[in-house]
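So the chains spell out like this:
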Amino acid sequence: MNEKEIIEKIVREVIMSMGNKGIKGETDIKDEKLLNDKGHMDANKDYPLAEKRPELVRTPTNKKLQDITLDAVLNGSITADDVRISPRTLELQAQISESVGKDAFARNLRRAAELITIPDDRILQIYNALRPYRSTKQELLDIADELENKYDAKINSAFVKEAAQVYEERNRLKRG
């Protein structure tokens with residue numbers, strides 16, 4: 001393997017581990033005939049995705065994994081948005097995790113997939129608001145409402161509602 005091929009392989013591996021800012025042009029995995037007969041991924045057949053199912057891995061701008069080459073990066077046809085993980089890929093990884101009984105990890109991947117569409121600065125604000133004594137119950141419920149209605153992040157919304165309840169029970173809410 002020459003130096004160029006090594007760098008291209010590294011770039012392909014990086015795409016599997018980076019965050020995403022959007023899902024423009026992404027196809028819905030439920031409409032594809034590429035999943036197993038139960039409609040879910042199987043760790044034994046499908047993991048790691050980049051090696052065993054590269055046809056399923058798409059960039060946020062719908063480029064194929066094989067399109068991520070050093071030449072494409074150097075000539076500018078591959079941008080930062082093209083090497084970020086997408087909600088679709090996180091869902092596939094969640095299904096693989098479930099296939100080996102890692103349900104908690106699958107839930108974390110789905111929560112992460114919901115957060116992709118939320119701006120980074122807002123995520124940091126929400127993170128800080130979730131620290132003990134930083135928010136009132138109403139402020140947390142407003143965040144939950146925002147997550148559900150503005151970003152369609154229902155899993156994360158439920159998490160914030162649960163946090164508001166637990167903080168209230170444990171006296172960890174901001175006073176006043």
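Look up: the structure comes first, before these words.
An account of the accompanying structure is given in this report. Source: prediction; values computed, not measured.

## As for the overall build of the protein chain
So, step 1. Within the protein chain one finds nine helices and zero strands.
So, step 2. Residues counted as buried form 38% of the 176 residues belonging to the protein chain.
So, step 3. In the protein chain, the proportion of contacts linking residues at least 24 apart, taken out of those at least 6 apart, comes to 64%.
So, step 4. In the form shown here, the protein chain has an accessible surface area of approximately 10,700 Å², with 52% of it arising from carbon and sulfur atoms.

## Regarding the packing of helix 6 (residues 103-115) against helix 9 (residues 154-169)
Packed helix pairs are specified by the crossing angle of their axes together with the interaxial distance, meaning the distance between the axes.
So, step 1. Where helix 6 contacts helix 9, the axes come no closer than 8 Å and their chain directions differ by 105°. The angle between helix 6 and helix 9 falls in the class roughly perpendicular. Between helix 6 and helix 9, the residues in contact are R110, R111, E114 and L115 and K154, I155 and N156, respectively.

## Remarks on the environment of K45
So, step 1. Structurally, K45 is set in helix 2 (residues 43-46).
So, step 2. Overall, K45 belongs to the exposed group, its relative accessible area being 52%.
So, step 3. Sequence spacing of K45 and I96 is 51 residues, and the spatial spacing of their C-alpha atoms is 9.4 Å.

## Re the nonpolar core
So, step 1. Ranked by internal contacts, the top residues of the largest apolar core, which has 15 residues, are I126, L130, L140, I143, L147, Y151 and V160.
So, step 2. Mapped by element, the contributors of at least two residues to this core are helix 7 (120-129), helix 8 (137-150) and helix 9.
So, step 3. For I126, the residues in contact, after removing those within four places along its chain, are I143 and L147.
So, step 4. Among the nonpolar cores identified, the runner-up in size contains eight residues, and M41, L49, L92 and I96 belong to it.

The rules behind these values
Residues numbered from 1 in each chain as written. Predicted model: local features only at pLDDT ≥ 70, side-chain atom pairs only at ≥ 80, totals over all residues. Heavy atoms only, no water. Helix = DSSP H or I, 4+ residues; strand = E, 2+ residues; numbered from the N terminus. Buried < 20%, exposed > 50% of the residue type's maximum accessible area, 1.4 Å probe, protein only. Contact = heavy atoms within 4.5 Å. Areas by Shrake-Rupley, 256 points an atom, 1.4 Å probe, with all protein chains shown as cover. Axes fitted to C-alpha atoms, helices over the stretch in contact; angles between N-to-C directions. Parallel < 35°, antiparallel > 145°, perpendicular 65-115°, else oblique. Core = buried A, V, L, I, M, F, W, Y, C linked by side-chain atoms within 4.5 Å.

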